[in-house]
Amino acid sequence: MKAPSDRTIAFTFGSHPMREPTLCWTARLVFPAGAVAATPLAIRLTDGNGAPVSAGVFEFAGQRLAVRDGAASITYADFVKGKHASALWLHRPGRPPVPGGLTFA
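A brief report on the enclosed structure follows.

Analysis parameters
- Residues numbered from 1 in each chain as written.
- Predicted model: local features only at pLDDT ≥ 70, side-chain atom pairs only at ≥ 80, totals over all residues.
- Heavy atoms only, no water.
- Helix = DSSP H or I, 4+ residues; strand = E, 2+ residues; numbered from the N terminus.
- Rg over C-alpha atoms; globule rule 2.2 N^0.38 Å.
- Buried < 20%, exposed > 50% of the residue type's maximum accessible area, 1.4 Å probe, protein only.
- Contact = heavy atoms within 4.5 Å.
- Areas by Shrake-Rupley, 256 points an atom, 1.4 Å probe, with all protein chains shown as cover.
- Lys, Arg positive; Asp, Glu negative; His and termini not counted.
- Charge placed at Lys NZ, Arg CZ, Asp CG, Glu CD.
- Pairing = 2+ DSSP bridges.
- Core = buried A, V, L, I, M, F, W, Y, C linked by side-chain atoms within 4.5 Å.
- Phe/Tyr/Trp six-rings, centres within 6.5 Å; stacked < 30°, edge-to-face > 60°.

1. Observations concerning the overall build of the protein chain
Next, step 1: Tallying secondary structure elements over the protein chain gives one helix and eight strands in all.
Next, step 2: Seen in sequence order, the protein chain has helices and strands lined up from the N terminus as β-β-β-β-β-β-α-β-β.
Next, step 3: Taken over the C-alpha trace, the protein chain has a radius of gyration of 13 Å; the compact-globule value for 105 residues is 13 Å, and the two agree within 12%.
Next, step 4: Dimensions of the protein chain, computed from the C-alpha atoms along their principal axes, are close to 40 × 25 × 25 Å.
Next, step 5: Put simply, the protein chain has 105 residues, and 35% of those count as buried.
Next, step 6: Summarising the internal contacts of the protein chain: among those between residues at least 6 apart in sequence, 54% fall at separations of at least 24.
Next, step 7: Counting only carbon and sulfur atoms, one obtains 56% of the accessible surface of the protein chain, whose full area is about 6000 Å².
Next, step 8: A distance of 3 Å separates the average location of the 11 positive side-chain charges in the protein chain from that of its 6 negative side-chain charges.

Below you can see the structure in the form of structure tokens.
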């Protein structure tokens, strides 16, 4: 497993629509050029107003990833291992968990 050596690839995930914008979220997962199994993949998480998600847990690819200051990460190998896991949630302290899915943004 290896990413293309000549380009970066990014996936964007978004929350299901919510009435309150701060409950919404967007996550951008970046595969750097030439990424291999051990490469950490950066995930940037923002709320519906574009502010970084300060803290929480991003349930993604079969993992529960810690979110701090709008950032989380997963290795390329863990992403591939969990690519068929369907749970995609953002859990934030004091807020209800919000599900999401892959978007085309």
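There's more to say after this.
2. Focus on the pairing of strand β5 (residues 63-68)
Next, step 1: The pairing of strand β4 (residues 55-60) with β5 spans six bridges and is classified as antiparallel. Across the sheet, the residue bridging to alanine 55 is arginine 68, located in β5.
Next, step 2: Linkage of β4 to β5, two consecutive antiparallel strands, is achieved through a turn of two residues, within which alanine 61 is found at a positive phi near 50°.

3. Remarks on the nonpolar core
Next, step 1: Residues Leu29, Ile43, Leu45, Phe58, Phe60 and Ile74 are the most contacted members of the largest nonpolar core, which totals 24 residues.
Next, step 2: Counting residues per element, the ones that place at least two in this core are β2 (25-31), β3 (40-47), β4, β5, β6 (71-75) and α1 (76-81).
Next, step 3: It is β2 that contributes the most residues to this core, four residues altogether.
Next, step 4: Every residue in contact with phenylalanine 60, bar those within four places of it in the chain, is listed here: Phe13, Leu29, Ile43, Leu65, Ile74, Phe79, Ala87 and Leu88.

4. Examining the packing of aromatic side chains
Next, step 1: Tallied over the entire structure, the rule returns nine aromatic pairs.
Next, step 2: Pairing phenylalanine 11 with phenylalanine 79 gives two aromatic rings, centres 6.3 Å apart and planes at 45°, and the pair type is tilted. Remark: phenylalanine 79 occurs in helix α1 and phenylalanine 11 occurs in strand β1 (residues 9-15); sequence separation between them is 68 residues.
Next, step 3: Of the residues examined, phenylalanine 11 reaches a relative accessible area of 32% and is grouped as partly exposed.
Next, step 4: We classify phenylalanine 79 as buried; its relative accessible area is 14%.
Next, step 5: Measuring from ring centre to ring centre gives 5.2 Å for phenylalanine 31 and phenylalanine 79, while their planes differ by 75°; the resulting arrangement is edge-to-face. Placement of the pair is phenylalanine 31 in strand β2 and phenylalanine 79 in helix α1, with a sequence separation of 48 residues.
Next, step 6: Of the residues examined, phenylalanine 31 reaches a relative accessible area of 5% and is grouped as buried.
Next, step 7: In textbook terms, an aromatic cluster arises when at least three aromatic residues are bridged by ring pairs, as seen for Phe11, Phe13, Trp25, Phe31, Phe58, Phe60, Tyr76 and Phe79.

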